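What follows is each chain in one-letter form.
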Amino acid sequence: MYVSDSTKLIRFGNDLIELGFSRAESGALISILDKQTGYQFCQDNSGQRVLYRLALRRYDNNEVEWLKSDEARIFNWTKEEDIEGVTLILMTSLFANRDIKVMVKVRLKANS
């Protein structure tokens, strides 16, 4: 299992799959490579490219507001390893008018 980082892409994979997360787009998942078949599934450039889109319901009036990963001013990542696998942790924060930090964890095990 591996995590490799370049100025454009964070690649996270094992012997079966590789996931590509865009650094410029706050961690949006833009590529999935099936290593057994050789097929690569890519996010269409014309579509919305975000890591997540969260619905936030206001307590006072029940209105729903949307929070998208590409609205974060800070994006970073880290990894955690143990004997069973690796977890990639993608973190976004510093949203306009919001004191929110969002963490997305992706876990891969060997041969899974």
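As a starting point, this report considers the structure included with it. Predicted model only: the values in this text are computed from it and were never measured.

1. Focus: the sheet that holds strand S10 (residues 98–109)
No. 1: Within the open sheet, the 3 strands sit side by side as S8-S9-S10. Their pairing is antiparallel. The open sheet has two free edges, formed respectively by strand S8 (74–81) and S10, since each of these has just one partner strand. Strand after strand, the sheet turns through a mean of 20° between neighbouring axes, direction not considered.
No. 2: The sheet contact formed by strand S9 (residues 85–95) and S10 spans 10 bridges and is antiparallel. Paired with Ser93 across the bridge in S10 is Lys101.

2. Structural notes on the nonpolar core
No. 1: Counting residues in hydrophobic clusters, the biggest one holds 17 residues, and the most contacted among them are Val3, Ile10, Phe12, Phe21, Leu88, Leu90 and Phe95.
No. 2: Secondary structure elements with two or more residues in this core: strand S2 (9–13), strand S3 (17–22), S9 and S10.
No. 3: Considering every element that reaches this core, the biggest residue donor is S9, with 4 residues.
No. 4: Leaving out residues up to four positions away in the same chain, Leu88 has contacts with Val3, Ile10, Phe12, Phe21, Trp77, Thr78, Val104, Lys105 and Val106.

Cut-off values and rules
Residues numbered from 1 in each chain as written. Predicted model: local features only at pLDDT ≥ 70, side-chain atom pairs only at ≥ 80, totals over all residues. Heavy atoms only, no water. Pairing = 2+ DSSP bridges. Helix = DSSP H or I, 4+ residues; strand = E, 2+ residues; numbered from the N terminus. Axes fitted to C-alpha atoms, helices over the stretch in contact; angles between N-to-C directions. Core = buried A, V, L, I, M, F, W, Y, C linked by side-chain atoms within 4.5 Å. Buried < 20%, exposed > 50% of the residue type's maximum accessible area, 1.4 Å probe, protein only. Contact = heavy atoms within 4.5 Å.

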